[in-house]
Amino acid sequence: MKVTFLGHAAFLLEGEATVLIDPFITGNPVTTVRAEDLHPDLILVSHGHGDHLGDTIEIAKRSGATVVSVFELASYCSRQGVQVHGMHIGGSHQFGPVKVKLTPAWHGSGLITNGPAEYLGTPCGFVFTLDGKTIYHAGDTGLFGDMAMVGRLHPIDLALLPIGDNFTMGPEDALEAVHLIKPNLVIPMHYNTWPLIEQDPQEFKRVVEAQTPARVIILAPGESYEV
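Because the structure is predicted, anything quoted here is derived from the model rather than measured. The residue numbers shown here count from 1 along each chain, following its written sequence. The predicted nature of this model means local features are confined to residues of pLDDT at least 70 and side-chain atom pairs, given and counted, to a pLDDT of 80 or more, with totals for whole chains, interfaces and linings taken over all residues. Calculated side-chain values reflect all of the structure's heavy atoms, with hydrogen atoms and water omitted.

With that out of the way, let us pick up helix α5 (residues 171-181). Counting along an α-helix, one turn takes 3.6 residues, and residues three or four places apart therefore face a common direction. Regarding α5, the residues found buried are P171, A174, L175, A177, V178 and I181. Summarising the axial view, the buried residues of α5 lie within an arc of 155 degrees, below the 170-degree limit, and thus occupy one face. Residue contacts are defined here by distance: any two heavy atoms, one from each residue, within 4.5 Å place the two residues in contact. Secondary structure counts use DSSP, requiring at least four H or I residues in a row for a helix and at least two E residues in a row for a strand, with both numbered from the N terminus. Those residues of α5 that are buried are in contact with β12 (133-137), α4 (147-153), β13 (158-162), β14 (185-189) and α6 (201-211). Remark: K182 follows α5 within two positions and exhibits a positive phi of approximately 60 degrees. Each residue's exposure class comes from its accessible area (1.4 Å probe, protein chains only) as a fraction of the maximum for that residue type: buried when under 20%, exposed when over 50%, partly exposed otherwise. The arc under discussion is defined with respect to the helix axis, by the directions toward the C-beta atoms.

Checked against the element boundaries, P183 lands in the loop between α5 and β14. Owing to a relative accessible area of 6%, P183 belongs among the buried residues under this scheme. Sequence separation of P183 and V216 is 33 residues, and the distance between their C-alpha atoms is 10.0 Å. Residues in contact with P183, not counting those within four places in the same chain, are I156, A159, V178 and A214.

This next bit is on the UniProt feature "domain: Metallo-beta-lactamase" (unreviewed entry) in the chain. UniProt positions are given in the numbering used here, feature names are shortened, and annotations may be inferred rather than shown by experiment. The feature "domain: Metallo-beta-lactamase" (unreviewed entry), as given by UniProt, occupies residues 7-190 in the numbering adopted here. Annotated as 21% helix and 32% strand, the span residues 7-190 places its first and last C-alpha atoms 8 Å apart.

So, on to a negative patch on the surface. Grouping into patches uses exposed residues only, defined as over 30% relative accessible area, and leaves out salt-bridged ones; the cut-off is 9 Å for like charges and 5 Å for nonpolar side chains (Val, Leu, Ile, Met, Phe, Trp, Tyr). Note on areas: Shrake-Rupley, 1.4 Å probe, and residue coverage restricted to the protein chains presented here. Each salt bridge in this description consists of a side-chain nitrogen of Lys or Arg and a carboxyl oxygen of Asp or Glu lying within 4 Å of one another. The positive count covers Lys and Arg only, the negative count covers Asp and Glu only, and His and the chain ends enter neither. For this purpose, a charge sits on NZ of Lys, CZ of Arg, CG of Asp or CD of Glu. On the surface, D165, E172, D173 and E176 cluster together into a negatively charged patch. As for its position among the elements, E176 is in helix α5.

Before going further, it helps to examine the pairing of β12. Where burial is concerned, most of β12 is hidden: four out of the five residues are buried. A pair of strands is treated as paired once DSSP finds two or more bridges between them. Note: strand β11 (residues 124-130) against β12, five bridges, orientation antiparallel. Bridge assignment links F128 to a residue of β12, and that residue is I135. Linking β11 to β12, which pair antiparallel, is a turn of two residues; within it D131 sits at a positive phi near 55 degrees. Pairing between β12 and β13: three bridges, direction parallel. In the strand pairing of β13, I135 is matched with L158.

Moving on to the packing of aromatic side chains. Here a Phe, Tyr or Trp ring, Trp counted by its six-membered ring, pairs with any other such ring whose centre lies within 6.5 Å, and the pair is stacked when the planes are under 30 degrees apart, edge-to-face when over 60, and tilted otherwise. This model, assessed by the stated rule, comprises two aromatic pairs. Taking 5.0 Å as the distance between ring centres and 35 degrees as the angle between the ring planes, the aromatic pair formed by F5 and F11 counts as tilted. Summarising the burial analysis for this pair, F5 and F11 share the class buried. Geometrically, the ring pair formed by F24 and W194 is tilted, given 6.1 Å between the ring centres and 40 degrees between the ring planes. Within this pair, whereas F24 is found in the loop between β3 (18-21) and β4 (42-44), its partner W194 is found in the loop between β14 and α6, the two being separated by 170 residues in sequence. For W194, a relative accessible area of 35% corresponds to the partly exposed category.

The topology assignment puts F167 in the loop between β13 and α5. Taking the C-alpha atoms as reference points, F167 and R215, separated by 48 residues in sequence, lie 25 Å from one another. Ignoring anything within four residues of it in the chain, the contact list for F167 reads H107, H190, L196 and I197.

Quick look at the pattern of salt bridges now. Counted under the stated rule, the structure contains seven salt bridges. A salt bridge links E58 to R62, with the nearest nitrogen and oxygen atoms 3.1 Å apart. Of this pair, E58 and R62 both sit in helix α2 (residues 56-63), separated by four residues, roughly a single helical turn. By sharing partners, the salt bridges in this structure join R34, E36 and D37 into a single network.

Right, let's get into the packing of α5 against α6. Lines are fitted to the C-alpha atoms to define the axes, a helix being fitted only along its stretch in contact, and any angle between axes, read from their N-to-C directions, falls within 0 to 180 degrees. Two elements in contact, α5 and α6, have axes whose closest approach is 10 Å; the angle formed by their N-to-C orientations is 30 degrees. It follows that α5 is roughly parallel to α6 by the angle criterion. The hand of the α5/α6 crossing is right-handed. Mapping the contact onto sequence places P171, A174, L175, V178 and H179 in α5 and F204, V207, V208 and Q211 in α6. All residues other than Ala, Val, Leu, Ile, Met, Phe, Trp, Tyr, Cys, Pro, Asp, Glu, Lys and Arg, Gly among them, are scored as polar; the first ten of these are nonpolar and the last four charged. Here the contact of α5 with α6 is composed, by residue class, of seven nonpolar, two polar and no charged. Here the angle decides the label: under 35 degrees means roughly parallel, over 145 means roughly antiparallel, 65 to 115 means roughly perpendicular, and every other value means oblique. Helix crossings fall into two classes, left-handed where the near helix is turned counterclockwise from the far one by less than a right angle and right-handed where it is turned clockwise.

Shown next, in the form of structure tokens:
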């Protein structure tokens, strides 16, 4: 399975199926790809903020991908004319070779266009299986104790964790998240997109690998790793 970091919280995972997560491409100052180059089978969207919903509608319309998210956000995407599958936290569903489960995330979710923010449901993270590997994309979230349950119920091969602080966990809380989840591998995300969330991923890697058995893989936008 190939994991490609697209910048911010966006990832492309390629194996028996192609899974795209939080495809914020247009307007993303660090990404190296174009939305029209992405051809996923599934698009997982953690919440309705523009830097996560991103190019979901355009990509789904062109590729025929199914958008998977909480019910309210899935309903919004359906109204834009794309194929969706609505879920909610704690629920799971099999999409061909990919099984997806929604997990809690402590954040907000709303889309601001020309007026007041439109409520788009509860934010979430995702635990999903692909090519025999179990991946946890935490979404935008602060630290919470039930991350331990995520790791206990679903031994995690790869955790994709925010470290940017201000809007999500910072490095110190992300370290504690690694202690709770106990993943084999960690890829940090949601940092260095803008000055407000600048962090040193090498220092995060040093501390995590010194204090836990997990290995940290740092990917620049556009780089890939085989899991």
